[in-house]
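# Per-entry structural report
So you can see what is in the structure, the chains are spelled out below.
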Amino acid sequence: MQISLEETDNKGRYVARIAGIEAEGEMTFSRISPTRIIVDHTGVPDALRGKGIAQALALHVVAEARTKGFTIVPLCPFLKAQADKNPDWSDVIEGAKA
């Protein structure tokens, strides 16, 4: 699986692709400041279901936040649920339970 970042102005998305499959998973966000983003959607098409795409995207955005020094406002229900299950993400997820 390969995850890449596509960003223009204050909108962006992390895109997950698997070789040989045309479908792609995505996690979309809006940048509200140089140090904060709002993740608002995670989408995985049927062709990619059951392959851990959404979880990989969540782990990737958390790692990016730590590396690049930004925090995440999790408006996306999937990311919010994952943050609730991973209290160790509280350093980069706003409102997460520590």
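Let me sum up the structure you'll find in this document. Every value quoted in this text rests on a predicted model; they were computed, and no experiment measured them.

### Some points on the packing of aromatic side chains
Here the structure, examined in full by the defined rule, presents one aromatic pair. Their ring planes at 35 degrees and their centres at 5.5 Å tell us that Y14 and F29 sit as a pair that is tilted. Pair noted here: Y14 is in strand 2 (residues 11-17) and F29 is in strand 3 (residues 24-33), with a separation of 15 residues, a long-range link. Taking relative accessible area as the criterion, Y14 reaches 2% and is therefore assigned buried. For F29, a relative accessible area of 3% gives the class buried. Its guanidinium or amino end placed over the ring of F70, R31 lies 5.6 Å from that ring's centre, counting from NZ or CZ.

### Digging into helix 1 (residues 53-68)
When the terminal C-alpha atoms of helix 1 are compared, their 22 Å separation across 16 residues agrees well with the 22 Å that a helix rising 1.5 Å per residue should span. Looking at helix 1, one finds that the buried residues are I53, A54, A56, L57, A58, V61, V62, E64 and A65. After helix 1 finishes, the residue G69 shows a positive phi value of roughly 75 degrees.

### Concerning the sheet that holds strand 5 (residues 71-74)
An order of 1-2-3-4-5 is seen for the five strands of this open sheet, with the pairing classed as mixed. Every other strand in the sheet has two partners, leaving strand 1 (2-8) and strand 5 as the edge strands with one partner each. Strand-to-strand twist across the sheet, computed as the mean angle between neighbouring axes with direction ignored, equals 30 degrees. Alignment of strand 3 against strand 4 (residues 36-43), held across seven bridges, turns out to be antiparallel. Looking across to strand 4, one finds that E26 is bridged to G43. With respect to the sheet, helix 1 is in contact with strand 1, strand 2, strand 3, strand 4 and strand 5, its orientation differing from that of strand 2 by roughly 130 degrees. Here helix 2 (residues 77-85) sits on the sheet in contact with strand 3, strand 4 and strand 5, set at roughly 115 degrees to strand 5.

### As for the side chain of Q82
Turning to its location among the elements, Q82 is positioned in helix 2. The contacts of Q82, once residues within four sequence positions are left out, are Q55 and W89.

Cut-offs and rules
- Residues numbered from 1 in each chain as written.
- Predicted model: local features only at pLDDT ≥ 70, side-chain atom pairs only at ≥ 80, totals over all residues.
- Heavy atoms only, no water.
- Phe/Tyr/Trp six-rings, centres within 6.5 Å; stacked < 30°, edge-to-face > 60°.
- Helix = DSSP H or I, 4+ residues; strand = E, 2+ residues; numbered from the N terminus.
- Buried < 20%, exposed > 50% of the residue type's maximum accessible area, 1.4 Å probe, protein only.
- Lys NZ or Arg CZ within 6 Å of the ring centre and 35° of its normal.
- Expected span 1.5 Å × (residues − 1).
- Pairing = 2+ DSSP bridges.
- Axes fitted to C-alpha atoms, helices over the stretch in contact; angles between N-to-C directions.
- Contact = heavy atoms within 4.5 Å.

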